[in-house]
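# Residue-level structural notes
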Amino acid sequence: MDHKMSRSPWVIHYDGSSCNGCDIEVLASLTPLFDAERFGVVNTGNPKHADIFLVTGSVNAQNLPVVRQIYNQMLEPKCVVACGICACSGGVFRDAYNVIGGVDRAIPVDVYAPGCAIRPETVIDAIVEACGILDQKEAVMRAGGDPLTVGGAATWDGGVELGEDGFVAAGAGADGAGDAPAGKSAAPAAGDASAETLAAAKEAE
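Below is a summary of the structure that appears in this document. (Residues numbered from 1 in each chain as written. Predicted model: local features only at pLDDT ≥ 70, side-chain atom pairs only at ≥ 80, totals over all residues. Heavy atoms only, no water.)

Our next topic: the pattern of salt bridges. Applying the stated criterion to the full structure yields six salt bridges. Note that aspartate 157 and arginine 105 form a salt bridge whose closest N and O atoms lie 2.6 Å from each other. Of this pair, aspartate 157 sits in the loop between α4 (120-142) and α5 (195-204) while arginine 105 is found in the loop between β6 (99-101) and β7 (111-113), placing the two residues 52 residues apart along the sequence. Taking relative accessible area as the criterion, aspartate 157 reaches 22% and is therefore assigned partly exposed. Here aspartate 110 makes a salt bridge to lysine 137, at a shortest N to O gap of 3.3 Å. One end of the pair, aspartate 110, is in the loop between β6 and β7; the other, lysine 137, is in helix α4, with 27 residues separating them in the sequence. Taken together, the shared-partner salt bridges connect Asp104, Arg105 and Asp157 into one network. (Salt bridge = Lys/Arg side-chain N within 4 Å of Asp/Glu carboxyl O. Helix = DSSP H or I, 4+ residues; strand = E, 2+ residues; numbered from the N terminus. Buried < 20%, exposed > 50% of the residue type's maximum accessible area, 1.4 Å probe, protein only.)

As structure tokens, then:
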């Protein structure tokens, strides 16, 4: 029998510090109107039963440990979907004093599904995409490999750690506006050019 977990993925949803717009859209995708259940999707409240972790909203110092706790309670193989622009990068709240960044500041993310608010169709597309990654991780595990070598965990930079005071220390990897996540280089902003580039352009003239 050809067994695949993606034929009946169980999802668990956690809403972080969001405006609840994406939260409602995730729930809408599970209603009969959009019918995510036609893909075998089952919503569960138990992390130990879940295969896919849907997260809405940005990460802050208070919910970062909660997100990690839910993720760590899930059994391998598992996938994480960042639902909405706040979960992807912090969104419009990115510069807020209490926002650390997107979900990938706390745990590895396999699928990014942007939107403000995210549409139910996008949520379903992201779940289907996560199912494909879930199958890859399952195949690696059956072959005796490590599922963390597949998907977002393979390129994850480790996120951020909180100090004893419960806050992220300055320069400790907090994903501020314009900063690249730890271990990743930032692309130059449009209109930015180094002195060498400008000199070379003048010589070419």
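So, on to the packing of helix α1 (residues 21-29) against α4. Direction vectors running N to C along α1 and α4 enclose 70°, while the axes themselves pass 8 Å from each other. Of the possible angle classes, the one that applies to α1 and α4 is roughly perpendicular. In terms of crossing hand, the pair formed by α1 and α4 is right-handed. Judged by residue contacts, Glu25, Val26, Ala28 and Ser29 of α1 engage Pro120, Val123 and Ile124 from α4. (Axes fitted to C-alpha atoms, helices over the stretch in contact; angles between N-to-C directions. Parallel < 35°, antiparallel > 145°, perpendicular 65-115°, else oblique. Left-handed = near helix turned anticlockwise from the far one by under 90°. Contact = heavy atoms within 4.5 Å.)

Time to look at helix α2 (residues 64-73). Among the residues of α2, those classed as buried are Leu64, Val67, Arg68, Ile70 and Tyr71. Buried residues along α2 cover an arc of 160° about the axis, so they all sit on one side. Against the buried residues of α2 lie β1 (10-15), β3 (52-56), β4 (59-60), β5 (79-83) and β6. (Arc of directions from axis to C-beta.)

An order of β2-β1-β3-β5-β7 is seen for the five strands of this open sheet, with the pairing classed as parallel. With partners counted over all chains shown, the strands left at the sheet margins are β2 (42-43) and β7, one partner each. Pairing analysis gives two bridges linking β1 to β2, with the strands arranged parallel. Paired with tryptophan 10 across the strands is valine 42, a residue of β2. Contacts from α2 reach β1, β3 and β5 within the one sheet, and its direction differs from that of β1 by about 170°. (Pairing = 2+ DSSP bridges.)

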